[in-house]
Amino acid sequence: MRNHPIHAELFLDGRLVGNVTIKGEDNSWHFGEFEPRPEFERYAPLFGRWSLLMHADEDSDRLTDAAADELREIELEIDRVRARLRMVDSGEWRD
């Protein structure tokens, strides 16, 4: 985790959908707290399904085949969403 959080705006498919307080990063992954805006509503079901499946088999060491197949399909849908972060302080863009 970083000592000083970075404030960013999340854009999905060119739309500002929320604010992010970045607390850590690893290569192209950024970790932090997300504050959705009303525009995120159109993406919420997709990410909600992903989250439910990620935690569906928490008591097991691995996902069931059916859950893994469904998760793969949802992740393909998420990959088609163009996500970008704009760092508020610097104006820098990160894909």
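Residues numbered from 1 in each chain as written. Predicted model: local features only at pLDDT ≥ 70, side-chain atom pairs only at ≥ 80, totals over all residues. Heavy atoms only, no water.

This part covers the pattern of salt bridges. Within the structure shown, the criterion is met by eight salt bridges. Put simply, glutamate 77 and arginine 49 hold a salt bridge, and the shortest N to O gap is 3.4 Å. Here glutamate 77, found in helix H2 (residues 65-79), pairs with arginine 49, found in helix H1 (residues 44-54); they are 28 residues apart in sequence, far enough to count as distant. Overall, glutamate 77 belongs to the partly exposed group, its relative accessible area being 30%. (Salt bridge = Lys/Arg side-chain N within 4 Å of Asp/Glu carboxyl O. Helix = DSSP H or I, 4+ residues; strand = E, 2+ residues; numbered from the N terminus. Buried < 20%, exposed > 50% of the residue type's maximum accessible area, 1.4 Å probe, protein only.)

Within this structure, the stated rule accounts for three aromatic pairs. Each ring, one from phenylalanine 11 and one from tryptophan 93, has its centre 5.0 Å from the other, and the planes form 55 degrees; the classification is tilted. A residue pair is termed long-range when its members are at least 10 positions apart, and phenylalanine 11 in strand E1 (residues 6-12) and tryptophan 93 in strand E5 (residues 93-94) qualify at 82 residues. Owing to a relative accessible area of 16%, phenylalanine 11 belongs among the buried residues under this scheme. Ring plane angle 70 degrees and centroid distance 5.0 Å describe the contact between phenylalanine 34 and phenylalanine 40, whose orientation is recorded as edge-to-face. On the accessibility criterion, phenylalanine 34 (34% relative accessible area) is partly exposed. A relative accessible area of 15% places phenylalanine 40 in the buried class. (Phe/Tyr/Trp six-rings, centres within 6.5 Å; stacked < 30°, edge-to-face > 60°.)

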